[in-house]
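Coordinate analysis (summary)
One letter stands for each residue in the lines below.
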Protein chains: 2
Amino acid sequence: MSVMDKKLTIKDIARLAGVSKGTVDRVLHKRGKVSQKAFDSVNAVLNEMDYEPNLIARNLKNNKIYSISVVIPDPSFDSYWLPCVRGIEEAIREFKAFNLSIKTHYFNPESTKSFINVNETVLALAPDAVLLAPLFYKEALNVAEKYHEEGIIVNTFNNQVQSEAIKNFVGQDLYQSGRVAARLLDLLSNNEQLAIIHLNESYKNAVHMQEKERGFRTYFSENNGQDSKIITLKLKNPSIETNLVQFLEENPNVTGVFITTSKAYQIAKIIGETEHRKIAIIGYDLIEENVAYLKQGTIDFLIHQNPKRQAYLGITCLVDHFIFSKEIPKTTLLPIDIVNSENASFYME
Amino acid sequence: MSVMDKKLTIKDIARLAGVSKGTVDRVLHKRGKVSQKAFDSVNAVLNEMDYEPNLIARNLKNNKIYSISVVIPDPSFDSYWLPCVRGIEEAIREFKAFNLSIKTHYFNPESTKSFINVNETVLALAPDAVLLAPLFYKEALNVAEKYHEEGIIVNTFNNQVQSEAIKNFVGQDLYQSGRVAARLLDLLSNNEQLAIIHLNESYKNAVHMQEKERGFRTYFSENNGQDSKIITLKLKNPSIETNLVQFLEENPNVTGVFITTSKAYQIAKIIGETEHRKIAIIGYDLIEENVAYLKQGTIDFLIHQNPKRQAYLGITCLVDHFIFSKEIPKTTLLPIDIVNSENASFYME
DNA sequence: ATTAAAAATGTGTTCGAACACATTTTTTAC
DNA sequence: GTAAAAAATGTGTTCGAACACATTTTTAAT
């Protein structure tokens, strides 16, 4: 079996099988209307020569414009989402040669109503696919179902929502990300008392935080045979500072904290100003304020959730499906990047 | 300026400018034989509408087969290179729709002669481009020059070689990677004595190791105002074990070691068997033996150099150039991934 | 003013897959 | 055995860019 220098075309297959290209086409696409004899001879050639269609030519002819609607929170409410916008722009740039129409729609991340409304709008646009950041679990289930009924493909990223109506999820294994944080704190803080801090977040992040906590605790129960030394703390504005200071006073053995949301900088600020002992801090996301405390040394590690790449892969997955007829994988898990002051810049482009 | 739903074609431009598509083509490709009047009216439309050629159609017509030769060490000598092979295979798969012929050529990483011979072979093949792992600095400079004289594009990865004949380098900032290791050890080992270990490597890695050491030392001199507590150790087979054990006995304050090559597992084995104090270990590369010690807890961190992605990006850079006529960037720096026992699996595909 | 040469412009074909449509062959019915 | 229906097969066009080639227009020369 020699490697062919020139790629086979439908015309070549037709010639080799002694039929016309139309017949080969019908065999390839299972359109029927082919005699058993022709079917066999074409298949014989196909098996022999393993033909691969030229995706470029296929796509050139196909003049359908695939429309993709992206539904994410408005970055002006939460700058966490800014990299997503850039990831989507990058995907648009990369695939501008193809017949794609990608439009982004923002919702207010603090309002389920806004989420529902924006999705109603998108539903009315009847796109071929939706890429969704399903911040609100219940509502997301609902809209996913509606899209699905209309034959619109629903892919998600950032938040995992279990539903048959959702084709793909791009994101991280949050349980494992809790374990990563645990391993880091385990090395840093000499097995003293540790705190998990769920900071200033509404129910919309409940699952997120729970999974991270579960991973964190499981790591320690596996490795130290006891998780009693871990304390969970829920802090909310405006009493964050007083409660945290009081907690640290009452628990002098706490040597490390794990903040499950992207607001670690708020804790870093308080600890940096009030505490004298060294307290290790681990948080999430490379937002500006966090990185400042990371470089300064107050925050020890940040876990990078790579929102830009999540959004980018969410789009490429759909493009691969529409343009290159690849099948959509159920989940796409991104690596859990550990970031310290010295490698942070590489993850912020 | 409204966003066009349908992309403009040459025909559209021709219609709008009141000329034929042939004339538009001549203007776009600066082929001359165009009157000033026609030139102006076409350009007026082009400026107005910002036309982008359909890369798919362009490529369909272009039936030149671009040949790329990849020159890397034989993975059977050093399994570090196995992921590179997979990265190249992935690139081949992804771009099989295009007119590409990518062939890999192996050399013996312990023999400069083999390196030179393989490159002579490739030179005789006269490919359009070469992707090179330039393990041997001087020899690489030489062959790059020869390729360049023949009009063959030379891209490199893994090792940085300064030369005008080399168009692109994909890899990591080794100085910064030394700093990453330093930051990690700084957090782990309570500012005791540290050791840098250059392990069992010939001159071919000299620059590599020096840069990492420089980054490592610079971090500490910046952050602690003294780098006297860092000791550099060069170990070679067969005396690794005796020398290391002796060193650790003579330096009881050493609490962390930084191994600048991929052979950290050799150190981990010795320390794991002979030492009773906790010594933090940081090394490079997710090879099987290293990961085993990472999971077991003897090695604390590994720095991932992502050889698979390096090779993959080396190819995509060339494909982008040949097929999509993008310009080649001088360097492509990959993030310096910090790996512990909990996130290792995500980097090993 | 006529013709040849030069310049400008337009037309037609190609790449490979997809599909509409035309043509041929086979089957069925009476 | 013949006509109509059904099945099978082949042909031609399209997508957009590139380029060879044909045609028209302009310029130069006598």
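Residues numbered from 1 in each chain as written. Chains lettered and ligands numbered in written order. Predicted model: local features only at pLDDT ≥ 70, side-chain atom pairs only at ≥ 80, totals over all residues. Heavy atoms only, no water.

Side note on the interface of chain B and chain A
Listed by partner, the interface residues are 42 residues for chain B and 42 residues for chain A. Summed over both sides, the interface between chain B and chain A buries roughly 3700 Å², with carbon and sulfur atoms accounting for 60% of that surface. Its largest share of buried area at the contact with chain A, chain B owes to B:Ile56, B:Glu342 and B:Phe346, together 20% of the area lost on that side. At the junction of chain B and chain A, the tally comes to 2 salt bridges. B:Glu342 serves as the salt-bridge partner of A:Arg179, at 2.7 Å between the closest nitrogen and oxygen. In this assembly, chain B and chain A are joined by 10 residue pairs in polar contact (both at pLDDT 80 or more). (Contact = heavy atoms within 4.5 Å. Buried area = accessible area lost by both parts, 1.4 Å probe. Salt bridge = Lys/Arg side-chain N within 4 Å of Asp/Glu carboxyl O. Polar contact = N/O pair within 3.5 Å; in protein donor to acceptor, adjacent residues only side chain to side chain.)

A short note on the pattern of salt bridges
All chains considered together, the criterion is met by 20 salt bridges over all chains. A salt bridge links A:Lys308 to A:Glu90; the shortest N-O distance between them is 3.0 Å. Of this pair, A:Lys308 sits in helix H13 (residues 307–324) while A:Glu90 sits in helix H5 (residues 82–94), and the two are 218 residues apart along the sequence. Relative accessible area serves as the criterion here: at 28%, A:Glu90 is assigned to the partly exposed category. Here A:Arg179 and A:Glu222 are joined by a salt bridge, their closest N and O atoms 3.0 Å apart. With A:Arg179 in helix H8 (residues 174–188) and A:Glu222 in helix H9 (residues 206–224), this pair connects stretches of sequence that are 43 residues apart. Its relative accessible area of 8% is what places A:Arg179 among the buried residues. Each of A:Arg179, A:Glu222 and B:Glu342 takes part in a single network of salt bridges with overlapping partners. (Helix = DSSP H or I, 4+ residues; strand = E, 2+ residues; numbered from the N terminus. Buried < 20%, exposed > 50% of the residue type's maximum accessible area, 1.4 Å probe, protein only.)

Regarding helix H1 (residues 10–17) of chain B
Residues and elements named next belong to chain B. Of all the residues in H1, the buried ones are Asp12, Ile13, Ala14 and Ala17. Elements in contact with the buried residues of H1: helix H2 (21–28) and helix H3 (36–49). Directly beyond the C-terminal end of H1, a positive phi value near 70 degrees is found at Gly18.

Observations concerning the sheet that holds strand E3 (residues 129–132) of chain B
Residue and element names in this part refer to chain B. One open sheet accounts for 6 strands, arranged E2-E1-E3-E4-E5-E11; its pairing is parallel. With one partner strand each, in any of the chains shown, strand E2 (100–107) and strand E11 (331–333) form the two edges of the open sheet. Averaged over neighbouring strand pairs, the angle between their axes works out to 15 degrees when direction is ignored. Relative to E2, strand E1 (residues 66–73) runs parallel, the two being bridged by 8 bridges. (Pairing = 2+ DSSP bridges. Axes fitted to C-alpha atoms, helices over the stretch in contact; angles between N-to-C directions.)

A few points about the nonpolar core
If you look at the biggest cluster of nonpolar residues, it comprises 104 residues, and the most contacted ones within it are A:Phe157, A:Ile315, B:Phe157 and B:Ile315. When sequence neighbours within four positions are dropped, the list of residues in contact with A:Phe157 reads A:Ile72, A:Trp81, A:Cys84, A:Leu131, A:Leu132, A:Ala133, A:Pro134, A:Phe169, A:Val170, A:Gln310 and A:Ala311. Within the second largest apolar cluster, 44 residues are counted, among which are B:Leu188, B:Phe216, B:Tyr219 and B:Ile303. (Core = buried A, V, L, I, M, F, W, Y, C linked by side-chain atoms within 4.5 Å.)

Observations concerning the relation of the copies chain B and chain A
In the superposition of chain B on chain A (RMSD 0.3 Å, axial shift 0.1 Å), the rotation amounts to 180 degrees. Taken together, the rotation and translation relating the two chain copies correspond to the operation of a two-fold axis. Most of the interface of chain B is mirrored in chain A: 100% of its interface residues are interface residues there too. (Least-squares fit on C-alpha atoms with pLDDT ≥ 70 in both.)

Digging into the protein's contact with DNA strand D
What surrounds DNA strand D is a group of 25 residues, the closest being A:Ser20, A:Lys21, A:Ser35, B:Arg31 and B:Arg58. The sugar and phosphate moieties of DNA strand D supply 61% of its atoms located within 4 Å of the protein. For DNA strand D, a phosphate oxygen lies 2.5 Å from a polar atom in the backbone of A:Ser20. Per-class residue counts for the surface near DNA strand D are 9 nonpolar, 7 polar and 9 charged. (Near = heavy atom within 4 Å. Nonpolar A, V, L, I, M, F, W, Y, C, P; charged D, E, K, R; others polar.)

A closer look at the protein's contact with DNA strand C
Inspection of the region around DNA strand C gives 25 residues, with A:Arg31, A:Tyr51, A:Arg58, B:Ser20 and B:Lys21 positioned closest. Contact distances for DNA strand C include 2.5 Å between a phosphate oxygen and a backbone N or O atom of B:Ser20. B:Arg26 is positioned such that a nitrogen or oxygen atom in its side chain is 3.0 Å from a base nitrogen of DNA strand C. By residue class, the composition of the surface near DNA strand C is 9 nonpolar, 7 polar and 9 charged.

Let's talk about the side chain of B:His208
On the secondary structure map, B:His208 appears in helix H9 (residues 206–224). When near neighbours in sequence (up to four residues on either side) are disregarded, B:His208 contacts B:Asn158, B:Asn159 and B:Leu174.

Concerning the packing of helix H2 (residues 21–28) of chain A against helix H3 (residues 36–49) of chain A
Angle between the axes and distance between the axes: these two values describe a pair of packed helices. Residue and element names in this part refer to chain A. Between H2 and H3, the least distance of the axes is 10 Å, while the angle of their chain directions is 80 degrees. For the element pair H2 / H3, the angle class is roughly perpendicular. In this structure, H2 uses Thr23, Val24, Val27 and Leu28 to contact H3, whose residues at the interface are Ala38, Phe39, Val42, Asn43 and Leu46. Split into classes, the residues belonging to the contact of H2 with H3 amount to 7 nonpolar, 2 polar and no charged. (Parallel < 35°, antiparallel > 145°, perpendicular 65-115°, else oblique.)

Observations regarding the domain arrangement of chain A
Structurally, chain A comprises domain 1 (10–53), domain 2 (64–172 + 308–334) and domain 3 (174–304). Just the C-alpha atoms count here: the centres of domain 1 of chain A and domain 3 of chain A sit 62 Å apart. (Domains from an automatic or database assignment.)

Some thoughts on the packing of aromatic side chains
Residues and elements named next belong to chain A. Counted under the stated rule, the structure contains 25 aromatic pairs over all chains. With a centroid separation of 6.3 Å and an interplanar angle of 55 degrees, the aromatic rings of Phe107 and Phe136 are classed as tilted. Highlighted residues: Phe107 in strand E2 (residues 100–107) and Phe136 in the loop between strand E3 (129–132) and helix H7 (137–149), separated in sequence by 29 residues. Each ring, one from Phe258 and one from Tyr284, has its centre 5.8 Å from the other, and the planes form 45 degrees; the classification is tilted. With Phe258 in strand E8 (residues 254–259) and Tyr284 in strand E9 (residues 280–284), this residue pair connects regions lying 26 residues apart in the sequence. For the pair formed by Phe258 and Tyr284, the shared burial category is buried. Taken together, the ring pairs connect Phe216, Tyr219, Phe220, Phe258 and Tyr284 into an aromatic cluster. Against the face of Tyr284 rests Lys212, its NZ or CZ located 3.7 Å from the ring centre. (Phe/Tyr/Trp six-rings, centres within 6.5 Å; stacked < 30°, edge-to-face > 60°. Lys NZ or Arg CZ within 6 Å of the ring centre and 35° of its normal.)

Structural notes on unusual backbone geometry
Following A:Asn237, the chain continues to A:Pro238 via a peptide bond in cis, the omega torsion being 5 degrees. Within the element layout of this structure, A:Pro238 appears in the loop between strand E7 (230–235) and helix H10 (240–250). Even without being glycine, B:Lys30 reaches a positive phi, approximately 50 degrees. Mapped onto the fold, B:Lys30 is located in the loop between H2 and H3. Here B:Lys30 falls in the exposed class, since its relative accessible area comes to 74%. Residues other than glycine seldom take positive phi values, yet B:Lys33 does so here, at roughly 60 degrees. Within the secondary structure, B:Lys33 sits in the loop between H2 and H3. Of the residues examined, B:Lys33 reaches a relative accessible area of 82% and is grouped as exposed.

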